Amino acid sequence: MVQRMTTAKKVCLTLILFVCGLAGFLFLPANYYLRRAIVHLHPKIDQYPIFENRIVTAGDPHPWQKAEMYNLLSLPAAYEEPFRKYETVAFVIIREGKLLFEEYWEDYSPRSHSNSFSMAKSIVSLAIGCAIDDGFIRHIDQPVSDFFPEFPGYNGKTLTLRHLLTMSAGVHFQEAYTTPFSPTTQLYYGNDLHKVTFHMKENEEPGIHFIYQSGVTQLLTFIVQKATGESISSYVSRKLWTPMQAEENALWSLDKKDGIEKAYCCFNSNARDFARFGQLLLNKGRWEDRQLISAAYLQEAITPDTSLCWKEYNEPNTYYGFQFWRLEYQGMSIPYMRGILGQYVFVLPEWDAVVVRLGRKRSETRTSQHYPDDINIWLSAAISILSQTNDQSI
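Residues numbered from 1 in each chain as written. Predicted model: local features only at pLDDT ≥ 70, side-chain atom pairs only at ≥ 80, totals over all residues. Heavy atoms only, no water.

Draft legend 1. Geometry of the overall build of the protein chain. Secondary structure summary: the protein chain contains twelve helices and 19 strands in total. Every one of the 394 residues in the protein chain was classed for burial, and the buried ones make up 56%. For the protein chain, contacts bridging at least 24 residues in sequence account for 70% of all contacts bridging at least 6. Per element, the accessible surface of the protein chain, about 16800 Å² overall, is 54% carbon and sulfur. (Helix = DSSP H or I, 4+ residues; strand = E, 2+ residues; numbered from the N terminus. Buried < 20%, exposed > 50% of the residue type's maximum accessible area, 1.4 Å probe, protein only. Contact = heavy atoms within 4.5 Å. Areas by Shrake-Rupley, 256 points an atom, 1.4 Å probe, with all protein chains shown as cover.)

Written out as structure tokens, the structure is:
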């Protein structure tokens, strides 16, 4: 009996020491991100209130003009179940520059903010294009070391902005939201983006492999800030958000108070205003009578760099340009923005249309083009609605 009590006390003491040790580990300043990851678990579309945010000002708001057939068409019944399955919260179609269709679920509305997740990478790419137009950056083949000597390149090959834009930087960075100790989790829940970004090590020649890495986009953000002398929120507001006449201010989540934007993700806005980025692509960089970004840069941005090998699949990269994706669907070549929980902005030139889908989930199954196959649902639904318009005036 005495021996059993002694054993029980040892087990109890061990547990107490373990809990105290774990608590001490979690409360180390370096593990701030880990504490938040444990509390909040996986990223969610409505988490912007848990972060500090910087306003992306909509300085000249104008609502979309509504098409004559605005919301006279409905989502076919066959799509109701998959829309619910993937917890869609917004679906918007713009055609010929006018709002044709919109529907919202749960408590979402035209003014509800939702996280862009990696759609923000495309916004960073647009900011780079604007900075080139403004002369802050010479060209896309400018060495990264002109801005940050910490990234000279590898094995004698210079690292350039093109390599960052095409995700072929040759750096070590593990892209894994579900792993608590990954740098992606540290970027999202942490409070020191500079430390995580500049901790990346160059470990292979740039310009060889396409490897999707959020840390690379975050480095582009530091370059925008250094080149322009202003935050990326301020620059995007001045060069894109305000000239595109966004209806609402956006919120770009920061790593800490007065910190830097989590610009590889975390641009929080609504479906109507996200659609403006698609319309800008459709207009080849023009908004009304202003050329906001060069058409040449945009064309290159939405064109995959097929000289790169997609390392994950050991095949040529035929689907990724400068932080924009591209896919083939029903004979159409569709550039699009994409976020991890099923955030999409699709550009359909053949229909003169932009489609936005926001939601909480996406499919884990990939097509032969390696995109999540829920995309086929959103494109099919959109084309079904667009087809109903036929040749009628919209």
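Picking up where we left off.
Draft legend 2. How the structure looks around the nonpolar core. Counting residues in hydrophobic clusters, the biggest one holds 128 residues, and the most contacted among them are Phe 91, Trp 252, Phe 267 and Phe 346. Counting residues per element, this core draws most heavily on helix α4 (residues 119–133), which supplies ten residues. (Core = buried A, V, L, I, M, F, W, Y, C linked by side-chain atoms within 4.5 Å.)

Draft legend 3. Molecular detail of α4. Relative to the 21 Å expected for 15 residues at 1.5 Å per residue, α4 spans 22 Å between its end C-alpha atoms, a close match to the ideal helical length. Of all 15 residues in α4, 14 are buried; the element is thus mostly enclosed. (Expected span 1.5 Å × (residues − 1).)

Draft legend 4. Broad picture of the sheet that holds strand β2 (residues 88–95). The antiparallel open sheet is built from six strands, whose spatial order is β3-β2-β19-β18-β17-β16. A single partner strand is all that each edge strand has here, and the edge strands are β3 (98–104) and β16 (325–329). Adjacent strand axes in the sheet meet at a mean angle of 20°, parallel and antiparallel pairs treated alike. Strand contacts of α4: β17 (332–339), β18 (343–348) and β19 (353–359), with the helix running at about 105° to β17, the strand carrying the most contacts. In this fold helix α10 (residues 271–282) packs onto β2, β3, β17, β18 and β19, with an angle of close to 145° to the strand it touches most, β19. (Pairing = 2+ DSSP bridges. Axes fitted to C-alpha atoms, helices over the stretch in contact; angles between N-to-C directions.)

Draft legend 5. Quick look at the pattern of salt bridges. Throughout the structure, instances matching the rule amount to 16 salt bridges. For Arg 138, the salt bridge is made with Asp 146, and the minimal N-O distance between the two is 3.3 Å. The exposure class assigned to Arg 138 is exposed, which follows from its relative accessible area of 54%. With a shortest N-O distance of 3.3 Å, Asp 255 and Lys 256 are connected by a salt bridge. (Salt bridge = Lys/Arg side-chain N within 4 Å of Asp/Glu carboxyl O.)

Draft legend 6. How the structure looks around the confidence of the model for the protein chain. Per-residue pLDDT for the protein chain has a mean of 91; in total, 89% of the residues score no lower than 70. In this model residues 17–26 is a low-confidence stretch, pLDDT under 50, and it forms seven contacts with partners more than four residues away in sequence or in other chains. (pLDDT = per-residue confidence, 0-100.)

Draft legend 7. Broad picture of the side chain of Ser 182. Relative to the assigned elements, Ser 182 resides in the loop between β7 (171–172) and α6 (183–189). Here Thr 185 takes part through its side chain, which lies 3.1 Å from a polar atom of the side chain of Ser 182. Those residues within four positions of Ser 182 in sequence are excluded, and the remaining contacts are Gln 174 and Ala 176. (Polar contact = N/O pair within 3.5 Å; in protein donor to acceptor, adjacent residues only side chain to side chain.)

Draft legend 8. Focus on helix α8 (residues 214–228). A rise of 1.5 Å per residue sets the reference length of α8, with its 15 residues, at 21 Å; its end C-alpha atoms lie 21 Å apart and thus fit the reference within 8%. The buried fraction of α8 is high, at 13 of 15 residues. Of the residues trailing α8, Gly 229 is marked for its positive phi of about 80°.

Draft legend 9. Summary view of the packing of aromatic side chains. Per the stated rule, a full pass over the model turns up 32 aromatic pairs. Relative to Phe 222, the ring of Phe 198 lies with its centre 5.4 Å away and its plane at 75°, an arrangement referred to as edge-to-face. Residue Phe 198 is located in the loop between α7 (193–197) and β8 (201–202), and its partner Phe 222 is located in helix α8; the two are separated by 24 residues in the primary sequence. Here the two residues Phe 198 and Phe 222 agree in accessibility, since each one is buried. For the pair Phe 267 and Phe 277, a centre-to-centre distance of 6.1 Å together with 75° between the ring planes defines the contact as edge-to-face. With Phe 267 in strand β11 (residues 267–269) and Phe 277 in helix α10, the pair connects residues that are ten residues apart, well separated along the chain. Exposure remark for Phe 267: the relative accessible area of 0% places this residue in the buried category. The exposure class assigned to Phe 277 is buried, which follows from its relative accessible area of 0%. Linked through ring pairs, Phe 210, Tyr 212, Trp 310, Tyr 313, Tyr 319, Tyr 320 and Trp 325 together constitute an aromatic cluster. Sitting over the face of the ring of Trp 64, Arg 276 holds its NZ or CZ atom 4.8 Å from the ring centroid. Sitting above the plane of the Trp 325 ring, Arg 338 keeps its charged end 3.8 Å from the centroid. (Phe/Tyr/Trp six-rings, centres within 6.5 Å; stacked < 30°, edge-to-face > 60°. Lys NZ or Arg CZ within 6 Å of the ring centre and 35° of its normal.)

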